[in-house]
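Topology and contacts: notes
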Amino acid sequence: MAHYKYDKNTKWLIRKHGNSILYLGGVRQVKRWRALQTELVEPSKLPDGLLEVYFHGRSAPDYFLLEVATYPEKRVLEQSLGDLTLAYQHLHILPELLTVVLYPRGRFRLTGDHAVTSRLQWSKLVCQWKVVELWELVAEDLLATGDVGLVPWVPLTRFQGPPAPLLEACRRRIDELARPEERDNLLAVSQVLVQLRYNDPRLLTILGGKQLMIESPLINEILAENTQEAILRFLQARFGDVPEEVVQRLRSISADRKLKALIKHAAQCPTLEAFHRRLS
């Protein structure tokens with residue numbers, strides 16, 4: 001669940017501020033970009049993001065796969081190899097891959113290379129990619145860019161002194177630079193990422209605190225998805241496979257009041273058909 005919380009927030013940053021994540025990896029001179037639907041494979045194996053990027057002086061696009069890892073874990077190695085091989089099959093070119101690691105844990109570090117060999121050693125797959133560890137970046141450098149899409153990452157970077165003044169600077173940047181429709185979401189995502197490093201509710205108040213989290217459209221969307229997933233698991237436990245029509249109809253409901261009523265109905269309905277009728 002912890003991975004899920006950070007995953008949903010960072011995917012929003014990829015969709016809305018993908019160019020800022022490219023900046024973390026050292027990419028400059030971007031003319032324009034757009035986030036593509038990652039329809040490469042089945043959903044369980046989708047990369048966090050796929051960007052189509054046009055650089056100044058080039059007419060053809062480059063493609064970037066983006067993965068955000070909460071911690072440096074060995075599972076990222078297999079994930080990276082899978083991302084690159086599957087993307088190559090579908091794009092017919094090898095995209096760039098950038099992995100952003102949010103916070104250190106344990107001794108294992110991602111070095112950006114991985115290889116697998118067949119049992120008889122006739123075949124070998126080797127991949128290399130770019131890894132950025134946020135705690136190795138300098139907070140002042142990111143704030144100095146004036147790019148509001150970089151601000152949510154700043155609390156996880158390297159800085160001197162206590163965190164409160166840095167978070168106050170992040171709040172000022174978001175208030176000054178964010179588009180009105182994105183301001184609350186940027187503050188909410190920043191709060192989520194701060195919690196990965198600090199367990200202090202007083203720090204969160206600098207970024208808007210609990211009330212802003214309640215009002216954030218992104219956080220409400222995440223909470224709705226969590227409730228939808230809980231209902232589906234409940235139905236699966238009671239009745240087995242849930243028809244796709246029911247899944248899609250449930251996914252279209254986001255109002256908290258309606259979802260809470262559906263939780264109760266999922267527990268009491270005599271059949272899956274009865275639940276489907278309630279949805280309709």
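Everything that follows concerns the structure shown earlier in this document.
Position numbers for residues count from 1 along each chain, tracking the sequence in the order it is written. Side-chain atom pairs in this predicted model are given and counted only at pLDDT of 80 or more, local residue features only at pLDDT of at least 70, and totals for whole chains, interfaces and linings cover all residues. Heavy atoms throughout the structure, all of them, feed into the side-chain values; hydrogens and water do not.

1. Digging into the environment of L235
- We count a stretch as a helix when DSSP gives it H or I for four or more residues in a row; a strand needs E for two or more, and each element gets its number in order from the N terminus. Mapped onto the elements, L235 comes out in helix 8 (residues 217–239).
- Separated by 36 residues in sequence, L235 and T271 have C-alpha atoms that sit 9.5 Å apart.
- Any two residues whose heavy atoms approach within 4.5 Å are treated as being in contact. The residues contacting L235, other than those within four sequence positions of it, are G240, V242, A266, L272 and F275.

2. As for the packing of helix 8 against helix 9 (residues 244–251)
- The N-to-C vectors of helix 8 and helix 9 enclose an angle of 155°; their axes lie 10 Å apart at closest approach. Looking at the two axes, helix 8 sits roughly antiparallel to helix 9. In this structure, the crossing between helix 8 and helix 9 has a hand that is right-handed. Residue-level inspection shows E225, Q228, E229, I231 and L232 of helix 8 in contact with helix 9, the latter providing V247, L250 and R251. Here an axis means a line fitted to C-alpha atoms, over the contact stretch when the element is a helix, while the angle between two N-to-C directions is reported on a 0 to 180 degree scale. Here roughly perpendicular refers to angles of 65 to 115 degrees, roughly parallel to angles under 35, roughly antiparallel to angles over 145, and oblique to all remaining angles. For a crossing to be left-handed, the near helix must be turned anticlockwise from the far one by less than a right angle; the clockwise case is right-handed.

3. What to know about the sheet that holds strand 1 (residues 30–36)
- DSSP-based pairing: two strands are paired if at least 2 bridges between them are found. The strand order 1-2-3-4-7 describes an open sheet built from five strands, whose pairing is mixed. The open sheet is flanked by strand 1 and strand 7 (130–133), the only strands paired with a single partner. On average, adjacent strands in this sheet sit at an angle of 25° to one another, irrespective of strand direction.
- With four bridges joining them, strand 4 (residues 96–101) and strand 7 adopt parallel strand pairing. Bridge assignment links V100 to a residue of strand 7, and that residue is V132.

4. Remarks on the packing of helix 10 (residues 256–268) against helix 11 (residues 272–279)
- Running from amino to carboxyl end, helix 10 crosses helix 11 at an angle of 160°, the nearest separation of the two axes being 10 Å. As summarised for this structure, helix 10 and helix 11 are arranged roughly antiparallel, according to the angle between their axes. Where helix 10 crosses over helix 11, the two elements pack in a sense that is right-handed. Of the residues in helix 11, those touching helix 10 at A261, L262, H265 and A266 are A274, F275, R278 and L279.
- Amino acid classes used here: Ala, Val, Leu, Ile, Met, Phe, Trp, Tyr, Cys and Pro are nonpolar; Asp, Glu, Lys and Arg are charged; the rest, including Gly, are polar. Counted by class, the contact of helix 10 with helix 11 contains six nonpolar, one polar and one charged residues.

5. So, unusual backbone geometry
- Positive phi values are uncommon outside glycine, yet Q29 reaches one of about 60°.
- As for its position among the elements, Q29 is in the loop between helix 1 (2–24) and strand 1.
- Partly exposed residues are those whose accessible area sits between 20% and 50% of the maximum for their type, while under 20% is buried and over 50% is exposed, using a 1.4 Å probe and protein chains only. Look at Q29 and you get exposed, because its relative accessible area is 57%.

6. Section: the side chain of D48
- Its location among the elements puts D48 in the loop between strand 1 and strand 2 (49–55).
- We score Asp and Glu as negative and Lys and Arg as positive, and we do not count His or the chain ends. The salt bridge definition used is simple: a Lys or Arg side-chain nitrogen within 4 Å of an Asp or Glu carboxyl oxygen. Lacking a salt bridge, the buried D48 has K11 as its closest oppositely charged neighbour, with an N-O distance of 4.1 Å.
- We define a polar contact as two N or O atoms separated by no more than 3.5 Å, with the added condition that, inside protein, one atom must be a possible hydrogen donor and the other a possible acceptor, whereas residues neighbouring each other in sequence contribute only through side-chain atom pairs. A polar contact of 2.8 Å, which involves the side chain of D48, links it to the backbone nitrogen of V68.
- Look past the residues within four positions of D48 in its chain and what remains in contact with it is D7, K11, I14, L66, E67 and V68.

7. Side note on helix 4 (residues 163–177)
- Residue count minus one, scaled by 1.5 Å, sets the expected span of a helix. The terminal C-alpha atoms of helix 4, which comprises 15 residues, lie 21 Å apart, in line with the 21 Å expected from a rise of 1.5 Å per residue.
- If you check which residues of helix 4 are buried, you get P163, L166, L167, A169, C170, R171 and I174.
- Considering only its buried residues, helix 4 is in contact with helix 3 (139–143), helix 5 (180–197) and helix 6 (201–206).

8. Side note on the pattern of salt bridges
- Counted by the stated rule, this structure contains 17 salt bridges.
- As a salt-bridge pair, D62 and R58 come within 3.3 Å of each other at their nearest N and O atoms.
- Since its relative accessible area comes to 44%, R58 is described here as partly exposed.
- The residue K260 makes a salt bridge to D256 at a minimum N-O spacing of 3.2 Å. One end of the pair, K260, and the other, D256, are both in helix 10, four residues apart, so they sit about a helical turn from each other.
- According to the relative accessible area criterion, K260 is exposed, its value standing at 53%.
- When salt bridges that share partners are traced, they join R171, D175, R183 and D184 into one network.

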